[in-house]
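Commentary on secondary and tertiary structure
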Amino acid sequence: PMAEGRSQTYITLVLRELQEYRTSLCWTPLVLVMTLCGVLLVAVLLADHISAIGESVSQVLPSRDEAGNISIRIDSSVDGEPALEYRLEQTPAAPGNLNPGSVGQEQPEVLAGTLNPLLQGIHNLFLFILILVCANYLLATLFNDRRDRSVLFWKSMPVSEWEEVLAKFSVAILVTPALYFIASLLAQVMCLLLGMLLLWRMEMDPYALVLARVDGATLILGQLGGFVLMALWLAPSYAWLLFASAGARRSPFMLAAGPLLAFILGERIFLGTSHLATVLSRHLPHYSGGGYAGFSWLGAADIPQMILGLLFTLAALAGAVYLRRYYFEL
């Protein structure tokens with residue numbers, strides 16, 4: 001019964017956070033889905049009009065002569081006289097040149113491969129917004145409780161500081177990512193359906209051009225694994241932001257960023273090294289040419305750093321609990 005009561009208290013605290021910050025945590029992913037789908041829907045509805053306007057303005061007629069040169073004529077008049085004419089001449093391939101575009105070689109019609117990278121790009125947009133929203137939430141939540149004095153109300157309730165801090169931390173590391181993951185999947189499905197509708201209106205095969213080029217299982221499992229990987233690497237950063245929110249008197253962001261920048265610059269100036277910056281880069285989102293906000297898994301070599309990061313997470317959360325308990329005046 002006691003465990004069940006604690007679980008109910010914890011769920012109530014989480015729901016309270018979602019209610020208080022519902023605009024950024026709940027409504028933002030929904031608005032993002034509606035915006036993406038709205039843009040694609042407009043493109044689908046205007047596709048026929050755009051095609052008709054293009055045909056009425058100009059007509060592009062490519063032709064190839066005996067030497068393999070390509071002529072492109074653009075007609076804009078009724079009598080058929082070309083208004084603009086371009087001529088592309090191909091030079092013979094050098095001996096030993098294996099360029100597949102050499103003269104005399106028929107180029108096969110290549111159909112682009114999987115659509116997974118395109119869908120992953122949509123997913124990356126949700127990851128970017130998610131990280132911004134969670135960072136802003138963590139910096140504000142404990143600080144706002146002290147500023148509006150609501151912390152005094154929670155101190156009068158039979159709720160421990162550990163439960164309050166863990167509920168806020170789990171909202172950022174688990175609950176909100178789950179909401180954004182669902183929204184991202186919904187956006188990707190809607191984009192696929194609207195793309196199929198556009199191809200169908202253009203009298204093309206939607207199945208061959210869309211559905212047959214999506215590896216759904218690989219995509220979903222990869223994105224789900226990416227969320228787990230992000231949670232493990234981001235946990236120390238999120239805990240540090242929560243600690244800054246609990247201890248800041250004026251600006252939680254300055255308290256969170258100031259000491260880190262000071263240590264990084266100090267190490268660089270006095271020691272000539274950048275080990276701290278290298279370590280921190282694994283726990284901060286960044287662009288690395290891939291998905292999942294730059295977070296990756298290099299195998300067993302990452303285990304010690306990840307364990308140290310999780311230990312730092314516990315220490316930072318313990319510090320936030322201490323400040324929540326004894327340092328609640330601005």
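1. A closer look at the packing of helix α7 (residues 216-247) against helix α10 (residues 303-326)
Orientation of α7 relative to α10, taken along the N-to-C sense of each, is 20°, at an axis distance of 8 Å. As far as their axial angle goes, α10 and α7 are roughly parallel. When you trace α7 past α10, the crossing you get is left-handed. For the pair formed by α7 and α10, the contact residues are Leu-232, Trp-233, Ala-235, Pro-236, Ala-239, Trp-240, Leu-242, Phe-243, Ala-246 and Gly-247 on the first element and Gln-305, Met-306, Gly-309, Leu-310, Phe-312, Thr-313, Ala-316, Leu-317, Gly-319, Ala-320 and Leu-323 on the second.

2. With respect to the confidence of the model for the protein
Residues of the protein with pLDDT of at least 70 account for 75%, and the chain-wide mean is 79. Of all helices and strands in the protein, the one with the weakest mean pLDDT is strand β1 (residues 59-64) (45), whereas α10 scores best (93). Low pLDDT (under 50) marks residues 96-111, which in the prediction has 11 contacts with non-local residues, meaning those over four places away or in another chain.

3. Looking at the packing of aromatic side chains
Applying the stated criterion to the full structure yields 5 aromatic pairs. Taking 5.4 Å as the distance between ring centres and 90° as the angle between the ring planes, the aromatic pair formed by Phe-181 and Phe-227 counts as edge-to-face. Of this pair, Phe-181 sits in helix α5 (residues 161-201) while Phe-227 sits in helix α7, placing them 46 residues apart in sequence. Across the pair, exposure class does not vary: Phe-181 and Phe-227 are buried alike. Arranged with centres 5.5 Å apart and planes meeting at 25°, the rings of Trp-240 and Phe-243 form a pair that is stacked.

4. Observations concerning the side chain of Glu-267
When you line up the elements, Glu-267 lands in helix α8 (residues 252-271). Buried Glu-267, no salt bridge; nearest opposite-charge side chain is Arg-268, N-O distance 7.9 Å. For Glu-267, the side chain forms a polar contact with the main-chain nitrogen of His-275, separated by 2.8 Å. What Glu-267 contacts, discounting residues up to four positions off in sequence, is Gly-272, Thr-273, Ser-274, His-275, Leu-276 and Ala-277.

5. Some thoughts on the pattern of salt bridges
This model, assessed by the stated rule, comprises 9 salt bridges. For Asp-145, the salt bridge identified is with Lys-168, shortest N-O distance 3.2 Å. Of this pair, Asp-145 sits in helix α3 (residues 116-147) while Lys-168 sits in helix α5, and the two are 23 residues apart along the sequence. Note that Glu-161 is salt-bridged to Arg-325, the shortest N-O span being 3.4 Å. With Glu-161 in helix α5 and Arg-325 in helix α10, this residue pair connects regions lying 164 residues apart in the sequence. Under the relative-accessibility criterion, Glu-161 is labelled buried at 14%. Among the residues examined, Arg-325 registers a relative accessible area of 33% and is labelled partly exposed. Salt bridges sharing common partners tie together Arg-16, Glu-17, Glu-20, Asp-145, Glu-164, Lys-168 and Arg-324.

6. Observations regarding the nonpolar core
In this structure, Phe-126, Phe-169 and Tyr-238 are the most contacted members of the largest nonpolar core, which totals 63 residues. Mapped by element, the contributors of at least two residues to this core are α1 (2-20), α2 (22-57), α3, α5, α7 and α10. Looking at this core element by element, the count peaks at 15 residues for α5. In contact with Phe-126, not counting residues within four places along its chain, are Pro-29, Leu-32, Val-33, Leu-36, Tyr-180, Ala-183, Ser-184 and Ala-187.

7. With respect to the packing of α3 against α5
In a pair of packed helices, the angle between the axes and the distance between the axes together describe the arrangement. At a minimum axis separation of 9 Å, α3 and α5 run at an interaxial angle of 155°. By the angle between their directions, the pair α3 and α5 is classed as roughly antiparallel. Considering how the two elements wind past one another, α3 and α5 form a crossing that is right-handed. A class-by-class count of the residues in the contact of α3 with α5 yields 19 nonpolar, 5 polar and 2 charged.

8. A word on the environment of Asp-302
Within the secondary structure layout, Asp-302 lies in the loop between α9 (275-281) and α10. Among the residues examined, Asp-302 registers a relative accessible area of 3% and is labelled buried. For Asp-302, the residues in contact, after removing those within four places along its chain, are Trp-233, Arg-282, Ser-296 and Trp-297. Within polar-contact distance, the side chain of Asp-302 engages the side chain of Arg-282 at 3.0 Å.

Quick notes on the rules
- Residues numbered from 1 in each chain as written.
- Predicted model: local features only at pLDDT ≥ 70, side-chain atom pairs only at ≥ 80, totals over all residues.
- Heavy atoms only, no water.
- Axes fitted to C-alpha atoms, helices over the stretch in contact; angles between N-to-C directions.
- Helix = DSSP H or I, 4+ residues; strand = E, 2+ residues; numbered from the N terminus.
- Parallel < 35°, antiparallel > 145°, perpendicular 65-115°, else oblique.
- Left-handed = near helix turned anticlockwise from the far one by under 90°.
- Contact = heavy atoms within 4.5 Å.
- pLDDT = per-residue confidence, 0-100.
- Phe/Tyr/Trp six-rings, centres within 6.5 Å; stacked < 30°, edge-to-face > 60°.
- Buried < 20%, exposed > 50% of the residue type's maximum accessible area, 1.4 Å probe, protein only.
- Lys, Arg positive; Asp, Glu negative; His and termini not counted.
- Salt bridge = Lys/Arg side-chain N within 4 Å of Asp/Glu carboxyl O.
- Polar contact = N/O pair within 3.5 Å; in protein donor to acceptor, adjacent residues only side chain to side chain.
- Core = buried A, V, L, I, M, F, W, Y, C linked by side-chain atoms within 4.5 Å.
- Nonpolar A, V, L, I, M, F, W, Y, C, P; charged D, E, K, R; others polar.

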